[in-house]
Amino acid sequence: MDRRAFLTTTTATLGVGVAGCLGTLEESSADVPSEIRSADIEKNADTDGDYPGGTDPPRIVFADDDSTVHVEGRIIYGSSTCGAYELRRTEYNEEDGSLEVLVAAYNDAEPGEDCTADEDSSAYRVDIEFDTGIPAQVTALEQNTFEVYETTKP
């Protein structure tokens, strides 16, 4: 067999095979969301004690089948009578596929209202639904009374 002909044929065949694989990779990439459809927080969510503790960072769970990201945690706030928390921010950047979620504690006392000096905590679950797919990266921030805890996935 002619060595040059063999090498030319082998190189051409490998080039076509690799090009075909690369094309398949591009076509099979997951859908990238273009917008958030909804973002909701469920307070006092943990009924079975499975959520991270008050000094642990929040947990991020991807639900690919319904284009939803769940952030679960337990936030500490400054007073059982005057403390509260809320979903403060959900920012999605379509260009890089990143999502940032912030759950923050705050003091909701009325002027002149006396508050207890105890700390309290509550489990929460944030559900962020996208139009299609899930973000490439999610950062969850939990700002309690004294610290900020952060988790990024992947």
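Placed above this text is the structure.
All figures in this text were calculated on a predicted structure; none of them were measured in a lab. (Residues numbered from 1 in each chain as written. Predicted model: local features only at pLDDT ≥ 70, side-chain atom pairs only at ≥ 80, totals over all residues. Heavy atoms only, no water.)

Trainee: Teacher, can you tell me more about the overall build of the chain here?
Mentor: In terms of helices and strands, the chain carries one helix and eight strands. Taken over 154 residues, the chain has a buried fraction of 32%. Nonlocal contacts in the chain, meaning residues at least 24 apart in sequence, comprise 71% of its contacts between residues at least 6 apart. (Helix = DSSP H or I, 4+ residues; strand = E, 2+ residues; numbered from the N terminus. Buried < 20%, exposed > 50% of the residue type's maximum accessible area, 1.4 Å probe, protein only. Contact = heavy atoms within 4.5 Å.)

Trainee: Before we go on, may I ask you to explain the packing of aromatic side chains in this structure?
Mentor: Two aromatic rings, taken as a pair, are described by how far apart their centres are and by the angle between their planes. A complete count under the given rule lists three aromatic pairs for this structure. Plain terms: the ring middles of Tyr85 and Tyr124 are 6.3 Å apart, the flat faces sit at 50° to each other, and that makes the pair tilted. Here Tyr85, found in strand 4 (residues 83-93), pairs with Tyr124, found in strand 6 (residues 120-130); they are 39 residues apart in sequence, far enough to count as distant. Ring pairing ties together the aromatic residues Tyr77, Tyr85 and Tyr124, which thus form one cluster. When the ring centre of Tyr85 is taken as origin, the NZ or CZ atom of Lys43, which lies over that ring, is 4.8 Å away. (Phe/Tyr/Trp six-rings, centres within 6.5 Å; stacked < 30°, edge-to-face > 60°. Lys NZ or Arg CZ within 6 Å of the ring centre and 35° of its normal.)

Trainee: I would appreciate a short explanation of the side chain of Thr151 in the present structure.
Mentor: Inspection of the secondary structure assignment puts Thr151 in strand 8 (residues 148-153). Take Thr151: its relative accessible area is 18%, and that puts it in the buried class. Separated by 2.7 Å, the side chain of Thr151 and the backbone oxygen of Pro58 make a polar contact. Thr151 has contacts with Pro57, Pro58, Ile60, Val138, Thr139 and Ala140, leaving out every residue within four places of it along the chain. (Polar contact = N/O pair within 3.5 Å; in protein donor to acceptor, adjacent residues only side chain to side chain.)

Trainee: Sorry, what's going on with the nonpolar core here?
Mentor: One recurring pattern in soluble globular proteins: nonpolar side chains tend to sit buried together. Among the nonpolar cores identified, the biggest contains 18 residues, and Val69, Val71, Ile75, Leu99, Tyr124, Val126 and Ile128 are the most heavily contacted of them. Among the elements of the structure, strand 3 (68-77), strand 4, strand 5 (98-107), strand 6 and strand 7 (137-143) are those that each provide at least two residues to this core. When neighbours within four sequence positions are excluded, Val71 is seen to be in contact with Pro58, Arg59, Val101, Tyr124, Arg125, Val126, Ile128 and Ala140. (Core = buried A, V, L, I, M, F, W, Y, C linked by side-chain atoms within 4.5 Å.)

Trainee: Honestly, the sheet that holds strand 3 in this entry has me stumped. Any pointers?
Mentor: In a beta sheet, neighbouring strands are held together by backbone hydrogen bonds and run either parallel or antiparallel to one another. The four strands lie next to each other as 1-6-3-2, forming an open sheet whose pairing is antiparallel. The open sheet has two edge strands, strand 1 (36-43) and strand 2 (59-63), and neither has a second partner. Each neighbouring strand pair of the sheet contributes to a mean axis angle of 20°, computed without reference to strand direction. Relative to strand 6, strand 1 is paired through seven bridges, and the arrangement is antiparallel. Bridge pairing in strand 6 places Ile41 opposite Val126. (Pairing = 2+ DSSP bridges. Axes fitted to C-alpha atoms, helices over the stretch in contact; angles between N-to-C directions.)

Trainee: So what exactly am I meant to see when it comes to the sheet that holds strand 7 here?
Mentor: Pairing is mixed in the open sheet, where four strands are placed in the order 4-5-7-8. A strand with exactly one partner marks an edge of an open sheet, and here the two such strands are strand 4 and strand 8. With direction set aside, neighbouring strand axes in the sheet form an average angle of 10°.

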